[in-house]
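One letter stands for each residue in the lines below.
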Amino acid sequence: MKTDDDRVLVPQPGILDIAPYVGGKSKIDGVAETIKLSSNENPFGPSGAAREAFESVARALHRYPSADHSQLRETIGQVFNLDPERIICGAGSDEIFTLTCQAYSGVGDEVIVTEHGFSMHKICALAAGATPVTASEIDRRISIDHVLDCVTDKTRIIFLANPGNPAGTFVDIAELEDLIRELPSNVAIVLDGAYAEYADFMLRDQGGYDGGAALVDAFPNVIMTRTFSKVFGLGAARIGWGYAQPDVIDILNRVRGPFNVNAAALAAAAAALKQTEHTEACLTANLRLMRGLHQFLAGLGLGVDESYGNFLLVRFEDEAEADAAYQHLMSDGIITRQVKGYGFPEALRITIGTPAECSAVVESMTRFMKAEEE
């Protein structure tokens, strides 16, 4: 068997340092019907209009999709009150991360990621040949001071997921602005807002959360990314978007493939944005169910932070107990997410499911904790 030293085709620096992304499990061997709570998907799915829009494209599969995504960008602009010319669409927000790293970092550069941040941030940096630098967090929350401590003259990009994944914790706009004002102007800061809609819903009585759009307008080096995979229920379609200053969008479009988003995804995303009643219903149900599950798990003596997403990070006494809980839930047909790769060997991440699915978690965890006490 060939070793890395025997390779005829040698990959670029950083590629061999990548640990491939592993998604949440979707099935259990020998179990026909499972409850999948491992990937932070919207359990209610997309709106009916989004499904119909997706299916309608089947009649024109021989046609290439839009290369400039103008219809979807216009719709995003209308819904979020943003300039469509400053919006870019990608195959999930992951592609926007990739384009940013490709455009603004390379060998000899550094990209700051956070201790428990989304793993694709690090993967995209390594793929571009840059060196990831990890900023430690405090109580599973981004530390602005620790991020600043990591900045050097080699820093080119900083990735911040807000709300965070897998902890669900949140940093307010004022703190983010304090960070940006301290940064050199040649450092791009990427605000990963995959769960921004959930945070905005929770914070409406405090003015809401725009995912960082106002910061993009105020500073030339801020890039906001969003996705249709979460509250809009289009994970299978792979579509996301970014918002930045015109010169940044121009650069990203220069390295973007011309037909990077398929026609069905573009149509479904535009339809999903217009179905505000469905989105509101999903957000309302998520918050109610999440608060109930949070109260229950905390009542069992488990560590659970307030989450601003559609999931809870549940911390057990130690890794052994977390592993035992994971296997117990699996035995009941419930798939959660082990997050050892995110620095939480003692925890599980549980997506908020339907009422029936949340009840199943409660019943299973009740039996598990009772058995642990015996």
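Residues numbered from 1 in each chain as written. Predicted model: local features only at pLDDT ≥ 70, side-chain atom pairs only at ≥ 80, totals over all residues. Heavy atoms only, no water.

Caption draft 1: Fine view of the overall build of the protein. Helix and strand content of the protein: 13 helices and 13 strands. Against the 2.2 N^0.38 benchmark of 21 Å for 374 residues, the protein shows a C-alpha radius of gyration of 21 Å, consistent with a compact globule. By principal-axis analysis of the C-alpha atoms, the protein measures approximately 60 × 55 × 50 Å. When contacts within the protein are restricted to residue pairs at least 6 apart in sequence, long-range pairs at least 24 apart make up 72% of them. Split by element, the accessible area of the protein, about 17,100 Å² in all, is 49% carbon and sulfur. The averaged location of the 52 negative side-chain charges in the protein is 6 Å from the averaged location of its 31 positive side-chain charges. (Helix = DSSP H or I, 4+ residues; strand = E, 2+ residues; numbered from the N terminus. Rg over C-alpha atoms; globule rule 2.2 N^0.38 Å. Contact = heavy atoms within 4.5 Å. Areas by Shrake-Rupley, 256 points an atom, 1.4 Å probe, with all protein chains shown as cover. Lys, Arg positive; Asp, Glu negative; His and termini not counted. Charge placed at Lys NZ, Arg CZ, Asp CG, Glu CD.)

Caption draft 2: Representation of the sheet that holds strand S8 (residues 240-243) within the structure. Overall, mixed pairing links the seven strands, which are arranged S2-S8-S7-S6-S5-S3-S4 in an open sheet. Across the chains shown, the open sheet's two edge strands, defined by having one partner strand only, are strand S2 (87-90) and strand S4 (131-135). Adjacent strand axes in the sheet meet at a mean angle of 25° when their direction is disregarded. For strand S6 (residues 188-192) and strand S7 (residues 222-227), the ladder comprises four bridges, and the chain directions are parallel. (Pairing = 2+ DSSP bridges. Axes fitted to C-alpha atoms, helices over the stretch in contact; angles between N-to-C directions.)

Caption draft 3: Geometry of the packing of aromatic side chains. Counted under the stated rule, the structure contains ten aromatic pairs. Their ring planes at 90° and their centres at 4.8 Å tell us that Phe-170 and Tyr-209 sit as a pair that is edge-to-face. In this pair, Phe-170 is assigned in the loop between strand S5 (155-161) and helix H6 (173-182) and Tyr-209 in the loop between helix H7 (196-202) and helix H8 (213-218), connecting sequence segments 39 residues apart. By the burial criterion, Phe-170 is buried, and Tyr-209 matches it. Ring centres of Tyr-195 and Phe-311 lie 5.0 Å apart, and the angle between their planes is 70°; on these two criteria the pair is classed as edge-to-face. With a gap of 116 residues between them, Tyr-195 in the loop between S6 and H7 and Phe-311 in strand S10 (residues 311-315) connect regions that are remote in the sequence. (Phe/Tyr/Trp six-rings, centres within 6.5 Å; stacked < 30°, edge-to-face > 60°. Buried < 20%, exposed > 50% of the residue type's maximum accessible area, 1.4 Å probe, protein only.)

Caption draft 4: Up close: the pattern of salt bridges. In the structure shown here, the tally under the stated rule is 14 salt bridges. The closest approach of N and O atoms between Asp-217 and Arg-86, which form a salt bridge, is 2.9 Å. Taken as a pair, Asp-217 in helix H8 and Arg-86 in the loop between helix H2 (70-80) and S2 lie far apart in primary sequence, 131 residues in all. For Arg-86, a relative accessible area of 12% puts it in the buried group. (Salt bridge = Lys/Arg side-chain N within 4 Å of Asp/Glu carboxyl O.)

Caption draft 5: Representation of the nonpolar core. Grouped together as the largest cluster of nonpolar side chains are 89 residues, with contacts concentrated most on Leu-72, Phe-228 and Met-365. The biggest single contributor to this core is helix H11 (residues 276-299), with eight residues. Phe-228 has contacts with Leu-72, Ile-76, Gly-233, Leu-234, Gly-235, Ile-239, Gly-240, Trp-241, Ala-269 and Leu-273, leaving out every residue within four places of it along the chain. Of all hydrophobic cores here, the second largest spans 28 residues; its members include Cys-101, Val-113, Ala-244 and Val-248. (Core = buried A, V, L, I, M, F, W, Y, C linked by side-chain atoms within 4.5 Å.)

Caption draft 6: Quick peek at the environment of Ser-143. Relative to the assigned elements, Ser-143 resides in the loop between S4 and helix H5 (144-150). The exposure class of Ser-143 is buried, given its relative accessible area of 7%. Not counting the four nearest positions on each side in its chain, Ser-143 is found in contact with Ser-136 and Ile-138.

Caption draft 7: How the structure looks around the pairing of S2. Across the two faces of S2 the burial is the same, with Ile-87 and Cys-89 and Ile-88 and Gly-90 all buried. As paired elements, S2 and S8 share four bridges and run antiparallel to each other. Note on S8: the bridge partner recorded for Gly-90 is Gly-240.

Caption draft 8: Main features of unusual backbone geometry. Between Asn-162 and Pro-163 the backbone carries a cis peptide bond, its omega angle lying at 0°. Positionally, Pro-163 belongs in the loop between S5 and H6. Across the junction of Asn-165 and Pro-166, the peptide omega takes the value 25°, indicating a cis bond. Tracing the backbone through its elements, the reader meets Pro-166 in the loop between S5 and H6. Here the phi dihedral of Asn-40 falls at roughly 55°; this positive angle occurs in a residue that is not glycine. Looking at where Asn-40 falls in the secondary structure, it is placed in the loop between strand S1 (35-36) and helix H1 (48-56).

Caption draft 9: Structural detail: the sheet that holds strand S12 (residues 337-339). What the four strands build is an open sheet, ordered S9-S10-S13-S12; its pairing is antiparallel. In the strand order of this sheet, the two ends are held by strand S9 (303-304) and S12, each with one partner. Two strands pair when backbone bridges link them, and S10 and strand S13 (residues 344-351) are joined in this way by five bridges, in the antiparallel orientation. Bridge assignment links Arg-315 to a residue of S13, and that residue is Ala-347. Along the sheet, H11 makes contact with S9, S10 and S13, crossing S10 at roughly 5°.

Caption draft 10: View of the environment of Thr-276. Positionally, Thr-276 belongs in helix H11. A relative accessible area of 47% places Thr-276 in the partly exposed class.

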